[in-house]
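Spelled out, the chains give:
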Amino acid sequence: FTLTTTGATSLTNVDASAMTAGGLIYVATATEAATLKGGAGNDTLTAKYAESVLTGGAGKDTLVLNLNENIDFSALDNPAIKNIESIDLTAGDHSLTKLTLQDVIDMIDSTDNTDKTLQIIGNTGDTVELTGGWTPSGSTPIDAVNYDTFTQTSGTDTYKVLIHPDIDTTTN
């Protein structure tokens, strides 16, 4: 199933949570926030407006940011992004700022994502700022790429953020 909206449209709410197959692709308009809900499969959610409410559903779900969009996690009404296990920054130059442990906890689906991991895919020109005690923990190989690995613990759970090595990453 693929749903694409382009141009001037008033379609801003899409609920595919009853779908059991993955591969859902949503493209929200450039001027309006959208509420997008994925189904039980591995979904891809694409939103041109960074302040959309995005819920991936079960499975490994990916949020794709369009050209040069940025997310300041301190400005989001958490959890504005839920059940997302991967963020794809490859289309343009992006900044993810002030990403905290609580943002990762709110974002990932810890029921399906038992290793409690957020993967950030990107390239040169992208930046990620991790805030609040993330520890560099070596690298994790995925598809022949060694992702920079950062960890942080909450209670007895260890959370990981895997960041593509071409992304400029800072911690504070």
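Not measured: the values here are computed from a predicted model.

What counts, and where the lines are drawn
Per chain, residue numbering runs from 1 following the sequence as it is written. pLDDT decides what is reported in this predicted model: residues at 70 or higher carry local features, side-chain atom pairs at 80 or more are listed and counted, and totals for whole chains, interfaces and linings draw on all residues regardless. Side-chain numbers come from the whole structure's heavy atoms, not from hydrogens or water. Elements are defined by DSSP. Helices are runs of H or I of four residues or more, strands are runs of E of two residues or more, and each kind is numbered from the N terminus. We call two N or O atoms a polar contact when they sit within 3.5 Å, provided that within protein one can donate a hydrogen and the other can accept it, with sequence-adjacent residues counted only if both atoms are side-chain atoms. The criterion used for residue contact is that any of the two residues' heavy atoms lie within 4.5 Å. Whether two strands pair depends on DSSP finding at least two bridges between them. Confidence per residue, as judged by the predictor, is encoded in pLDDT with a range of 0 to 100. Note on exposure labels: buried denotes an accessible area under 20% of the residue type's maximum, exposed denotes more than 50%, and partly exposed covers the range between, all computed with a 1.4 Å probe on protein chains only.

Inspection of the secondary structure puts Q119 in strand β11 (residues 117-121). A polar atom in the side chain of Q119 sits 3.0 Å from the side chain of K60. Of note is the side chain of Q119, whose polar atom sits 3.2 Å from the side chain of Y147. For Q119, the contacting residues outside a window of four places in its chain are K60, E85, S86, I87, I142, Y147 and L162.

The strand order across the open sheet formed by four strands is β7-β10-β12-β16, and the pairing between neighbours is parallel. With partners counted over all chains shown, the strands left at the sheet margins are β7 (71-72) and β16 (168-171), one partner each. Where strand β10 (residues 95-99) and strand β12 (residues 127-130) come together, three bridges link them in parallel fashion. The residue of β12 that forms the bridge with L99 is L130.

This part is about unusual backbone geometry. Look at N83: it is not a glycine, yet its phi comes out positive at around 55°. Counting through the fold element by element, N83 comes out in the loop between β8 (81-82) and β9 (86-88).

Averaged over every residue, the pLDDT of the chain is 81; residues scoring 70 or more account for 74%. Confidence, read as mean pLDDT per element, is least for strand β2 (residues 25-27) in the chain (56) and greatest for β12 (98).

Attention now goes to the pairing of β12. Pairing of β12 with β16, which is carried by four bridges, proceeds in the parallel orientation. In the sheet register, T127 faces β16, and the bridge partner there is D168.

Attention shifts here to the pairing of strand β6 (residues 62-65). Of the two faces of β6, the one holding T62 and V64 and the one holding L63 and L65 are both buried throughout. Where β6 and β9 come together, three bridges link them in parallel fashion. The residue bridging L63 from the neighbouring strand is I87, located in β9.

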